[in-house]
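So you can see what is in the structure, the chains are spelled out below.
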Amino acid sequence: MTTKVHEQTLNVGLADELKERGLNSKPEVIHSNNRRIDVEVRIGPARIAVEAEHGQSAAKRQEAISDADKRLPENQNLADIAVAVCYPEDSTRESLPEAEFVWTVRDGRNGPTSWTKGNIEQLASVIRLAPAQLGDPDYAAAALSNSLDSAVRRLDESQKENLAKALDLPKQEKLNKKRVKEPWNAPAKRALLVVATAVMFHSRLDVHLGGMRPELDGRADPPQPFKGDWPPMKAQFCSDGPNPIGDFAIAWNLILALDYKPIFETGRTALLSCPPDAAFSGAIKDTANAALAVAENIAGMRHDLLGRIFHTVLDTARYDGSFYTTTAAATLLAALAIREDMCDWSDPEAISRLRISDPACGTGTLLMAAAERIRELAPQADTESDLARSLIEQVFSGYDVNLTATHMAATTLGLLSPTTQFRNMKIGRTLLGLDKSGNARLGSLEFLGNNRPLLIPFPNAEPTAQQVETGEEAARAEPADLVIMNPPYTRDSLRYDQFDQATELKIKAREMALLKTTPVHLSHSGGAFTYLADFLTKKNTGTIAAVLALVGATNYSTMKLRRMLAQTFHVETIITSHDPQRIYFSENTDIGEMLVVFRRWPNGKGAKPPTTVVNLARNPATPAEAMGLAWAIENGSVASQEFGTVQEWPESRIAMGNWGAVQFLSPHLCAEFVELLGERLFQSVALGTIAKIGPAGQRIRDAFTRSGMPDVQSRVALWQHDTTVTQSMAAKPDTQITAKPPPKAHLAESYWQQRGTLMLPQKIRLNTVRTLCARLENPAVGSLWMPCRFNDTEHGIEGLEKAICVYLNSSIGVLALLGNRTNKSPSRPEFSVDDLRKLVTPDFAAIGGSAVAKLAAAYDALAEQTLLPLPQTEADQVRRALDDAVCGALELDDERVATICRNLAAEPSITGKRYAGLRPA
């Protein structure tokens, strides 16, 4: 008979195992009133309670959660965050290194409980990441943003202008194409954010500065023996005193004797930009107090908080595409990109030889995630400060065009080890705009073609300091082991709108010249940075890890780039989110995104493995959950842990640019769409080979206006896609239209000649749409619809229109449409003219005229019948009748089509809800 090991013994063993992995852990810690923590871990100022139970039954899991929750601030206040852990039933002290634990992180919020399985190494990683869940970054960011708004309101226009110009921040002329009444408000707020982050970093340094008196004064060139008072005044004392501007300026000047120039020289420049009158002093005091409140209330001054603050305070993403990567996504991407075989992690010299670059680094979130991943893989590498210094001075490089972003990136990296000096930090602000000679510069894109970006120095507070004009060109980029990035993604109509028209034209001309021989399509900015990443990585061993717009997996405009990347890299992993609550991996965006890892695949290495495509049903919200997903991908348990689904997409498809595995959560639907494309369901043609499609709705809106009154031409359109009106295949025009006056009149006439009776969708909302193809009695044009006009056919155009209308409203037609959608937002797909031209359509010339006749007869019988919304497709008798007609005409297996219907009805992009399993048939 086996004696069960006492739980206390396992707790002691767990603490020892965690300590061996670099964590400051103690077992069975007794607090006041005899309150006990099973294992207590300290990470900086954060207190983490590990509450463990012996056994993994539902009851044991609930006990572990109950004990963990009791330790949180709202109860016993023994820990800032807790981890509920369950040992395997047969655990012994000796078996812990090989045991499979289950755990969940508890932070006091009332979210769903998600349990993760893993070993001791993975549990240690989750505990190491646990402080990233502390506090409420959104609340802290909003509070600081409001405080900065109040501080700006204290200032007059000249003070705002002086503050902004000191940091080379241009005024905000327009917002959403409307002229801004107070153009210096936004840049002044950005400048005060620089002050706020300097105050936060100052507060972090306060506990170290006493023992850091410099021997040499780094402010002198060359450095001289330091002779000043030491230590500098603490941040809180500076803020509380009667002269916050003077006190902070003196303290930061002293700190500069050590180093930290990107943070404190920029902060001093803002501080000394205006005379210290009551208004400006009050604004600085308000800013400092708000910054200190954030630093006090958010444990460890985490990098995810700084990034969240940056993107809450600023509003430039619309124009420069700078979206903040969530900490969970950054953690996941770094974990997948930085593998154990990438380096000898026990060798500090080997680590120092790595080169990791982010050419659009923003606030440094991805570089920080890479640092956390490296520290996880090399927890014993020399000392933490030595590792941090190596990462900051040798391994990492980052570039951005935004002053405030690079200031925050420097601050973010400094948080790795506040005592690390910044003299050799490779964070650069690159010029986007015109240099002093009037030549356009494209930021870090200038690395292409062996060019070099123009670096802009951090502003200097001294009156004699030279500013932007003294910028030097960056050193040529060192080939990178890893380029990790979330490149800017801005469509062409908005890109560079922050500049005047003449400057914008020069920048776009430079862009075209730099990229004209590349596979990059300039309809948006994301492709250019992906191509840059290819240029920057080592040619035999380099890796790219990127957050990319989901449309890049399916758009015709990115086809050449996809094929180029697949030729030189193994497209190792693609991750998308089909979680309707979070289809993205960045904050402040609503477009679908994907995480992609590309690894170089040299010639002669052999056949490339398939690409692992992970479609998430539940997008991890925390770094701990993200690490659980990373391990699940590694060990093949994504589906069993209910993160989502996995497909192995053959290299042959990836090489052809077919990344269609991202289109559906259901692997079955992806596979069936491949069968459809391969003509293994029926003989097919692309719709564009037998019909003319268009004009697109944008052209109609450019040439016509809607009118409540008929004009002499009596022109009409199917303008809206109103699902309360258009509910059957037979539709009616919903508006009268009038041609705009010259010079648009001739366009209106040309477009009117392209009207048609069969209407295809241009934009739809899947959880409400009923009709995916409509037919009018008389020809018209559309705004959210596009006319489709068939070429002459032996089957008769009217019969062919009716047959195609039935097909596209059947389950097979829905599969054809959605398998080919442009995935800017999976639940609200848009179809371009190119998308619709590629639409898989039955080849009735090969199948035979009887199929057209059967489907046309079904149209005549069902055209006026109301279709239910697409999520109710299984219960829709009309849709079922359409499916029956298509099965009969195209000789399809009705059970196969019923399975497609059932899976479509469960797709999150169609239901608008998280995947909850298949509905009963």
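About the thresholds
- Residues numbered from 1 in each chain as written.
- Predicted model: local features only at pLDDT ≥ 70, side-chain atom pairs only at ≥ 80, totals over all residues.
- Heavy atoms only, no water.
- Helix = DSSP H or I, 4+ residues; strand = E, 2+ residues; numbered from the N terminus.
- Rg over C-alpha atoms; globule rule 2.2 N^0.38 Å.
- Buried < 20%, exposed > 50% of the residue type's maximum accessible area, 1.4 Å probe, protein only.
- Contact = heavy atoms within 4.5 Å.
- Areas by Shrake-Rupley, 256 points an atom, 1.4 Å probe, with all protein chains shown as cover.
- Lys, Arg positive; Asp, Glu negative; His and termini not counted.
- Charge placed at Lys NZ, Arg CZ, Asp CG, Glu CD.
- Axes fitted to C-alpha atoms, helices over the stretch in contact; angles between N-to-C directions.
- Parallel < 35°, antiparallel > 145°, perpendicular 65-115°, else oblique.
- Nonpolar A, V, L, I, M, F, W, Y, C, P; charged D, E, K, R; others polar.
- Pairing = 2+ DSSP bridges.
- 1 Å grid on protein atoms, 1.4 Å probe; cavity = no way out; pocket = protein on both sides within 12 Å on 5 of 7 lines; lining within 4 Å.
- Points joined across faces, edges and corners; volume = space filled by probe spheres on them.
- Salt bridge = Lys/Arg side-chain N within 4 Å of Asp/Glu carboxyl O.
- pLDDT = per-residue confidence, 0-100.
- Expected span 1.5 Å × (residues − 1).
- Polar contact = N/O pair within 3.5 Å; in protein donor to acceptor, adjacent residues only side chain to side chain.
- Right-handed = clockwise from strand over helix to strand, strands pointing away.

Student: Would you take a moment to explain the overall build of the protein for this structure?
Tutor: In terms of helices and strands, the protein carries 33 helices and 32 strands. Its C-alpha radius of gyration of 30 Å places the protein within 12% of the 29 Å reference for a compact globule of 921 residues. Seen through its principal axes, the protein has C-alpha atoms that stretch 95 × 85 × 55 Å. In the protein, buried positions account for 60% of the 921 residues. The long-range share in the protein, meaning contacts at least 24 apart out of those at least 6 apart in sequence, stands at 72%. Total accessible area on the protein stands at roughly 37,100 Å², and carbon and sulfur atoms take up 49% of it. Charged side chains of the protein number 100 positive and 110 negative; the gap between the two group centres comes to 5 Å.

Student: Can you help me understand the packing of helix H9 (residues 261-271) against helix H17 (residues 403-414) in this one?
Tutor: For any two helices packed against each other, one specifies the inter-axial angle together with the distance between the axes. Between H9 and H17, the least distance of the axes is 8 Å, while the angle of their chain directions is 135°. One finds that H9 runs oblique with respect to H17. Facing Pro262, Ile263 and Thr266 of H9, the residues of H17 in contact are Leu403, His407, Ala410 and Thr411. Class assignment for the residues of the contact of H9 with H17 results in four nonpolar, three polar and no charged.

Student: Is there a simple way to think about the sheet that holds strand S28 (residues 735-739) in this case?
Tutor: Adjacent strands of a sheet pair through backbone hydrogen bonds, lying either parallel or antiparallel. Taken in spatial order, the seven strands of this open sheet run S25-S31-S29-S30-S27-S28-S26, and their pairing is mixed. Edge positions in the open sheet fall to strand S25 (691-693) and strand S26 (704-707), since each of these has one partner strand only. On average, each strand axis in the sheet is inclined to that of its neighbour by 55°, with strand direction left out of account. Here strand S27 (residues 715-718) pairs with S28 via three bridges, running antiparallel. Looking at S28, one finds that arginine 715 is bridged to isoleucine 737.

Student: I would appreciate a short explanation of empty space enclosed by the protein in the present structure.
Tutor: Vacant regions in the atomic arrangement are exposed by a probe of water-molecule size rolled over the atoms. Tallying each qualifying case throughout the model produces four cavities of 30 Å³ or more. Computed from the structure, the second largest cavity encloses a volume of approximately 230 Å³. Gly526, Thr530, Leu548, Ala549 and Gly552 are, among the 22 residues lining the second largest cavity, the residues nearest its centre. At the level of secondary structure, the elements contributing two or more residues to the lining of the second largest cavity comprise helix H19 (526-536), strand S19 (543-549), helix H20 (559-568) and strand S21 (593-600). Of the residues contributing to the lining of the second largest cavity, the split by class is 13 nonpolar, seven polar and two charged.

Student: In this structure, what is going on with the pattern of salt bridges? I would like to understand it.
Tutor: Any two side chains of opposite charge can pair if their charged atoms end up close together. The tally for this structure, following the rule as stated, stands at 41 salt bridges. Taking the shortest distance from any N to any O, the salt bridge between glutamate 478 and arginine 355 comes out at 3.1 Å. Of this pair, glutamate 478 sits in the loop between strand S17 (472-473) and strand S18 (482-485) while arginine 355 sits in the loop between helix H14 (348-352) and strand S11 (356-358), placing them 123 residues apart in sequence. For arginine 355, a relative accessible area of 18% corresponds to the buried category. Here glutamate 372 makes a salt bridge to arginine 375, at a shortest N to O gap of 3.4 Å.

Student: Please explain the confidence of the model for the protein as it appears in this structure.
Tutor: Any segment with low pLDDT has predicted coordinates that should not be analysed in fine detail. Taken residue by residue, the protein gives an average pLDDT of 87. The fraction at 70 or more is 90%. Mean pLDDT across the elements of the protein bottoms out in helix H12 (residues 317-320) (46) and peaks in S18 (98). Low pLDDT, under 50, characterises residues 317-321; the stretch is placed with 25 contacts to residues that sit more than four places away or in other chains. Here residues 463-470 is modelled with pLDDT under 50, and outside its nearest four sequence neighbours on either side it reaches nine contacts, counting other chains as well.

Student: I'm lost on H17 in this one. Help?
Tutor: Relative to the 16 Å expected for 12 residues at 1.5 Å per residue, H17 spans 17 Å between its end C-alpha atoms, a close match to the ideal helical length. Along H17, 12 of the 12 residues are buried, which leaves the element largely enclosed by surrounding structure. Buried within H17 we find Leu403, Thr404, Ala405, Thr406, His407, Met408, Ala409, Ala410, Thr411, Thr412, Leu413 and Gly414. The N-cap of H17, judged by a side-chain oxygen 3.2 Å from the amide nitrogen of alanine 405 a few residues on, is asparagine 402.

Student: What is the right way to look at unusual backbone geometry in this model?
Tutor: Only a minority of non-glycine residues have a phi that is not negative, and only a minority of peptide bonds are not trans. Between glycine 694 and the following residue, proline 695, the backbone shows a cis peptide bond with an omega angle of 10°. Looking at the element boundaries, proline 695 is found in the loop between S25 and helix H24 (697-703). At the junction of proline 742 and proline 743, the peptide bond is cis and its omega measures out at 10° in the coordinates. Along the chain, the position of proline 743 falls in the loop between S28 and helix H25 (745-752). Even without glycine at this site, asparagine 77 takes up a positive phi of about 55°. For asparagine 77, the location among the structural elements is in the loop between helix H2 (58-70) and strand S4 (81-87).

Student: I keep staring at helix H27 (residues 811-818) and nothing clicks. Help me out?
Tutor: Each α-helix winds once per 3.6 residues, and so residues spaced three or four apart point in a common direction. Most of H27 sits out of view: eight of its eight residues are buried. Those residues of H27 not exposed but buried are Ser811, Ile812, Gly813, Val814, Leu815, Ala816, Leu817 and Leu818.

Student: Which parts of the structure should I look at to understand the sheet that holds S18?
Tutor: Spatially, S17-S16-S13-S12-S11-S18-S19-S21-S20-S22-S23 is the arrangement adopted by the 11 strands of the open sheet, whose pairing is mixed. In the strand order of this sheet, the two ends are held by S17 and strand S23 (644-649), each with one partner. Direction of pairing for S11 relative to strand S12 (residues 396-400): parallel, over a ladder of three bridges. Its bridge partner being in S12, aspartate 358 is matched across the sheet by glycine 398.

Student: I would appreciate a short explanation of the pairing of S4 in the present structure.
Tutor: Among the seven residues in S4, seven count as buried, and that is most of the element. Bridge analysis of strand S3 (residues 46-54) against S4 gives seven bridges, and the strand direction is parallel. Looking across to S4, one finds that alanine 52 is bridged to valine 85. You can see the chain leave S3, run along H2 and come back into S4, and the turn it takes is right-handed.

Student: How should the pairing of strand S31 (residues 785-790) be read in this particular structure?
Tutor: Every other side chain in a regular strand lies on the same face of the sheet, so the side chains alternate between the two faces. In terms of burial, S31 is a largely internal element, five of the six residues being buried. Two elements, S25 and S31, share three bridges in a ladder whose sense is antiparallel. For isoleucine 693, the partnering residue across the bridge sits in S31 and is cysteine 788. Bridge count between strand S29 (residues 756-761) and S31: four bridges; the pairing is antiparallel. Along S31, the bridge assignment pairs methionine 759 with proline 787.

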